[in-house]
Amino acid sequence: MPYTVLDVEDVSKQYRLGLIGGRTLRDDLHRWWDRIRGRPAPRSGLEREMRRGDHIWALREVHLEVRQGEIVGIIGRNGAGKSTLLKILSRITAPTSGIVRMRGRVGSLLEVGTGFHPELTGRENTFLNGAILGMTRREIQERYDAIVDFSGVEPFIDTPVKRYSSGMRVRLAFAVAAHLDPEILLVDEVLAVGDAAFQKRCIGKMSEVAKAGRTVVFVSHDMSAVSALCERAIVLDEGRVMAQGDTESAIETYLSRFGGGIGSNFGEVRLSSGGARGEGPFELHAIRTLDASGRVRGDFRSAETIVVEFDFTRFERLDYLRIGFDLVSTRDTVVFRTFHNDVEEFLTAIPAEGVERLQAIIPPGILNGGLYRIQPRIGVHRRGSDWLVGEVSGPSISVRLGIPNVDYAESNRPGLVAPTIEWKFP
Amino acid sequence: MKISSDSGGAWTTVIRPKGRWLDLRLGELWQYRYLVLLLVRRDFVAQYKQTILGPLWHIVQPLLTTLTFTVVFGRIARIPTDSLPPFLFYFAGSIVWAYFSTNFTKTSNTFISNVNIFGKVYFPRLAVPVSLLGSSLIGFSVQFVIFLLFLAYFSIQGAPVSPNLWILATPVLLALMAGLGLGGGIILSAITTRYRDLANLVTFGVSLLMYLTPVVYPLSAVPKRYRLLVSANPLTPIVEGFRFAFLGAGSVGPGDLAYSAIWTIVILLVGVLIFNRVERTFMDTV
């Protein structure tokens with residue numbers, strides 16, 4: 001049985017509000033002087049607030065045990081304590097109480113390129129950055145070729161980093177961090193950097209690390225990335241562990257609690273307040289996903305109908321308006337693209353002005369289990385395509401194979417889709 | 001659960017809320033010695049890339065300082081220089097002093113000026129101030145060589161200088177200077193994470209301290225009633241010792257150096273302990 005490599009026991013972290021930011025010696029001397037004279041200090045409003053003990057607990061009694069070789073995801077809304085936990089694990093700050101024990105070297109991809117100096121060459125920075133991350137000279141030398149190779153900046157390796165493009169810099173930095181070969185790798189959404197091809201390599205590297213028997217702790221509020229990478233997930237909320245277990249059920253717990261709620265991208269995404277005219281002739285207000293009964297939801301079973309609803313305003317008559325979306329899987333694959341005028345009745349234009357809402361109905365028995373993102377594709381298509389809505393993300397949906405209210409769930413099938421195909425004896 | 005977590009060897013890292021007070025954690029710093037080396041190199045390279053004179057800039061500053069001192073304190077104020085050539089006297093004093101003050105001022109904002117990097121990755125924070133000692137030692141070495149050249153020139157010209165066996169103590173003198181600069185600097189850096197305004201005092205404090213140290217005057221010229229004050233300064237025996245070693249005039253004895261050494265050890269010890277203490281949570285307060 002794999003042994004525990006990371007043991008978080010009862011860890012709490014308290015921050016004192018009002019102490020964030022500078023404090024001057026004068027303030028403290030004042031306070032001290034008032035105390036000496038045996039007089040309670042006349043306090044300002046802000047100070048009274050501090051005194052009343054405005055503490056916030058970023059983490060409360062967090063328990064977590066990670067075994068060797070596991071990829072564990074930590075999810076939660078903004079401010080749930082994810083980053084604080086990671087900061088404690090990577091020893092940037094100490095916990096207020098509790099204890100953390102680890103076996104082996106901890107590497108973090110909290111922030112890549114730490115300590116890069118623009119005047120130094122790529123080679124010099126590789127060594128410096130490696131040393132900052134805790135590698136010995138020999139380790140860096142051994143991995144140097146692999147690092148340069150992985151980064152793809154070989155022709156520029158003896159050029160000062162200040163002449164690099166930001167993409168090159170990030171690639172080199174990530175390459176160094178990825179070759180640290182730690183026993184425990186902490187990752188915090190660095191996947192947001194770099195182009196798609198590079199992100200793919202990063203994800204590949206992470207699973208490679210895990211396959212080599214290393215442990216990965218992956219913090220993200222991108223549910224799809226977590227579900228693609230992690231076997232197990234922990235849901236943090238207000239500093240506490242709200243749920244933990246296999247990724248699917250943890251995400252489900254998360255969704256059932258926050259799905260469609262504010263600050264989550266499941267169920268509904270609001271893009272503008274509506275009413276006021278923006279820059280263009282078209283304004284998209286909201287995209288939401290509903291079930292057959294019209295309830296806003298973010299989690300579906302594959303045997304359910306999923307309704308995608310668009311709210312918008314047209315400020316001009318847009319004759320060749322096409323409203324549609326891509327359904328994008330976690331690996332950024334477009335599962336399908338659909339437009340409203342694929343259907344005969346909408347062939348020419350949306351009938352009258354003042355139609356503010358459109359629904360697309362995804363029939364049951366098509367999607368495979370997994371997480372998907374609705375990517376709006378709205379444009380005027382006459383001679384070419386003139387996209388009206390830029391790269392905004394619509395809501396995400398989570399789909400599990402099976403029938404609603406039945407606990408049995410099949411694991412995801414291979415393939416982009418899992419359509420229900422008609423079978424019969426001829 | 002407990003049984004399985006005990007297999008797989010001992011825990012290698014244990015993070016607790018508070019570190020032990022009397023833990024200097026120097027072993028960890030030793031593990032990161034390569035980082036210290038690279039940080040020194042980074043400072044050196046970054047400082048001189050795209051400059052014409054490179055490290056030679058180190059010479060301009062003490063030369064200008066010495067010239068100013070020679071004019072102001074030698075010619076105008078006519079402060080005695082232990083019957084040494086004023087130029088050598090001031091040059092010797094100012095390079096030793098510069099070694100201290102550079103160490104002190106550079107290390108004193110360790111936390112504040114490295115917030116970015118400290119907030120992202122863990123390594124023994126002490127590596128940064130220690131590497132600064134290395135960088136300033138490079139600067140000092142350049143100045144020292146120039147000093148030796150001037151010394152040779154003056155000797156040939158028949159100036160009354162007499163280098164002696166105290167020269168062998170130079171590494172000790174430098175170590176003490178470095179230790180005091182580092183110790184004082186990191187204590188201050190720990191305090192300034194909480195009281196930012198103290199940082200404003202550093203430059204002022206350092207120049208004030210210079211006048212309490214026999215840099216522009218010899219200890220022998222200090223009036224009786226101030227003698228004790230100047231002698232109590234642990235930097236005094238070091239500056240006097242350096243001048244005595246290379247120029248042959250100065251008031252210093254082994255006892256004085258021992259006095260400085262004790263100060264150095266105490267300040268370093270206190271500094272490292274406070275520094276290690278603050279490093280654990282300073283990210284929450286900056």
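It should be emphasised that the depicted structure is a prediction, and the values quoted were computed from it without experimental measurement.

S.K.: Would you take a moment to explain the overall build of chain B for this structure?
M.R.: For chain B, the helix and strand inventory stands at 14 helices and 1 strand. With respect to the three principal axes, the spread of C-alpha positions in chain B is 80 × 50 × 40 Å. Taking all 286 residues of chain B together, the buried fraction comes to 40%.

S.K.: Hey, could you run me through the overall build of chain A in this one?
M.R.: The number of helices and strands found in chain A is 9 helices and 19 strands. Put simply, chain A has 426 residues, and 38% of those count as buried. Look at the contacts in chain A between residues 6 or more apart in sequence, and 70% of them connect residues 24 or more apart.

S.K.: Looking at this structure, I do not really get the pairing of strand S8 (residues 232-237) of chain A. What am I missing?
M.R.: Looking down a regular strand, the side chains alternate between one sheet face and the other. All names here are of chain A. Alignment of strand S3 (residues 71-76) against S8, held across 5 bridges, turns out to be parallel. What sits directly across from Gly76, in S8, is Leu236. Pairing of S8 with strand S9 (residues 240-246) involves 6 bridges; the strand directions are antiparallel. From the neighbouring strand, Arg232 faces S9, where its bridge partner is Asp246. Taking the residues that link successive antiparallel strands as the turn, the S8-S9 hairpin has 2 residues, and the phi of Glu238 there is positive, at about 50°.

S.K.: Would you mind showing me how to read the interface of chain A and chain B here?
M.R.: When the parts of a complex come together, some accessible area is lost, and that lost area is often taken as the interface size. Taken residue by residue, the interface counts 42 residues in chain A and 35 residues in chain B. Elements with a minimum of two residues in the side of chain A that touches chain B: strand S1 (4-16), strand S4 (97-102), strand S5 (106-109) and helix H4 (122-132) of chain A. With 5 residues, the top contributor of residues to the side of chain A that touches chain B is S4 of chain A. Examined bridge by bridge, S4 of chain A and strand S1 (residues 13-15) of chain B share 3 bridges and lie antiparallel to one another. Among the inter-strand pairings, Arg101 of chain A is bridged to a residue of S1 of chain B, identified as Val14 of chain B.

S.K.: Help me understand unusual backbone geometry, please; the structure alone is not making it clear to me.
M.R.: As a rule of thumb, non-glycine residues mostly have phi less than zero, and peptide bonds are mostly trans rather than cis. We note that Asp10 of chain A has phi near 60°; this positive angle belongs to a residue other than glycine. Its place among the elements puts Asp10 of chain A in strand S1. On the basis of neighbour counts, which here come to 13 C-beta atoms within 10 Å, the residue Asp10 of chain A falls in the partly exposed class. Of note in this structure, Arg78 of chain B is not a glycine but carries a positive phi near 55°. Here Arg78 of chain B lies in the loop between helix H4 (57-76) and helix H5 (86-107). Judged by the 8 C-beta atoms lying within 10 Å of it, Arg78 of chain B is exposed.

S.K.: Would you mind showing me how to read the confidence of the model for chain A here?
M.R.: Parts of the model with low pLDDT should not have their predicted coordinates read in detail. Residues and elements named next belong to chain A. Per-residue confidence for chain A averages 79 on the pLDDT scale, and 78% of its residues sit at or above 70. Element-level pLDDT for chain A is lowest in helix H2 (residues 45-51), with a mean of 46, against a maximum mean of 92 in S4. Between residues 41-52, whose pLDDT stays under 50, and residues either more than four places distant or in other chains, the model counts 9 contacts.

S.K.: What is the right way to look at the packing of helix H5 (residues 137-151) of chain A against helix H6 (residues 166-178) of chain A in this model?
M.R.: Each pair of packed helices can be summarised by the angle the axes make with each other and by the distance between the axes. Residues and elements named next belong to chain A. The N-to-C vectors of H5 and H6 enclose an angle of 140°; their axes lie 8 Å apart at closest approach. When the interaxial angle is binned, H5 and H6 end up oblique. The hand of the H5/H6 crossing is right-handed. Here Ile147, Phe150 and Ser151 of H5 come into contact with H6, specifically with Arg171, Leu172, Ala175, Val176 and Ala178.

S.K.: I'm lost on the pairing of strand S19 (residues 396-400) of chain A in this one. Help?
M.R.: Residue and element names in this part refer to chain A. Burial analysis of S19 places 5 of its 5 residues in the buried class, the great majority of the element. Because side chains alternate across S19, one face comprises the buried residues Ser396, Ser398 and Arg400, and the other comprises Ile397 and Val399, equally buried. Here strand S12 (residues 299-301) pairs with S19 via 3 bridges, running parallel. If you follow Asp299 over to S19, its bridge partner there is Ser398. In this structure, strand S17 (residues 370-381) lies alongside S19, joined through 4 bridges in antiparallel fashion. Paired with Arg373 across the bridge in S19 is Ser396.

S.K.: How do you make sense of the sheet that holds strand S16 (residues 357-362) of chain A when you look at a structure like this?
M.R.: Residue and element names in this part refer to chain A. The strand order across the open sheet built from 4 strands is S10-S11-S13-S16, with neighbouring strands paired in antiparallel fashion. Edge strands, defined here as strands with exactly one partner in the open sheet, are strand S10 (268-270) and S16. The sheet shows a mean angle of 20° between the axes of neighbouring strands, taken without regard to direction.

S.K.: Got a minute to help me understand the packing of helix H9 (residues 170-192) of chain B against helix H13 (residues 254-279) of chain B in this structure?
M.R.: Residue and element names in this part refer to chain B. Viewed as axis vectors pointing N to C, H9 and H13 meet at an angle of 35°, and their least axial separation amounts to 8 Å. Every pair of crossing elements has a handedness; the one defined by H9 and H13 is left-handed. Between H9 and H13, the residues in contact are Leu176, Gly179, Leu180, Leu182, Gly183, Gly184, Ile186, Ile187 and Ala190 and Ser260, Ala261, Trp263, Thr264, Ile267, Leu268, Val270, Gly271, Ile274, Phe275 and Val278, respectively. For the contact of H9 with H13, the per-class residue count stands at 14 nonpolar, 6 polar and no charged.

S.K.: Explain H4 of chain A to me, please; I cannot follow it from the model alone.
M.R.: Given 3.6 residues to a turn, an α-helix orients residues that are three or four positions apart in the same direction. Summarising burial for H4 of chain A: 10 of the 11 residues are buried, a large majority. Regarding H4 of chain A, the residues found buried are Gly122, Glu124, Asn125, Thr126, Phe127, Leu128, Asn129, Gly130, Ala131 and Ile132 of chain A. Summarising the contacts, the buried residues of H4 of chain A are in contact with H5 and H6 of chain A together with helix H3 (33-48) of chain B.

S.K.: What's the story with the nonpolar core in this structure? I'm lost.
M.R.: Soluble globular proteins tend to pack their nonpolar side chains together in the buried interior. Membership of the largest hydrophobic core comes to 82 residues, with the highest contact counts inside it found for Leu35, Ala92, Ile95, Val96, Ala127 and Met177 of chain B. In terms of residues, this core owes the most to one element, H5 of chain B, which gives 12 residues. When neighbours within four sequence positions are excluded, Met177 of chain B is seen to be in contact with Val96, Tyr99, Phe100 and Ile238 of chain B. Listed in part, the 41 residues of the second largest apolar core include Val11, Ala58, Val187 and Phe218 of chain A.

The rules behind the values
- Residues numbered from 1 in each chain as written.
- Chains lettered and ligands numbered in written order.
- Predicted model: local features only at pLDDT ≥ 70, side-chain atom pairs only at ≥ 80, totals over all residues.
- Helix = DSSP H or I, 4+ residues; strand = E, 2+ residues; numbered from the N terminus.
- Buried ≥ 20, exposed ≤ 12 C-beta atoms within 10 Å, placed from the backbone.
- Contact = placed C-beta atoms within 7 Å.
- Pairing = 2+ DSSP bridges.
- pLDDT = per-residue confidence, 0-100.
- Axes fitted to C-alpha atoms, helices over the stretch in contact; angles between N-to-C directions.
- Parallel < 35°, antiparallel > 145°, perpendicular 65-115°, else oblique.
- Left-handed = near helix turned anticlockwise from the far one by under 90°.
- Nonpolar A, V, L, I, M, F, W, Y, C, P; charged D, E, K, R; others polar.
- Core = buried A, V, L, I, M, F, W, Y, C linked by C-beta atoms within 7 Å.

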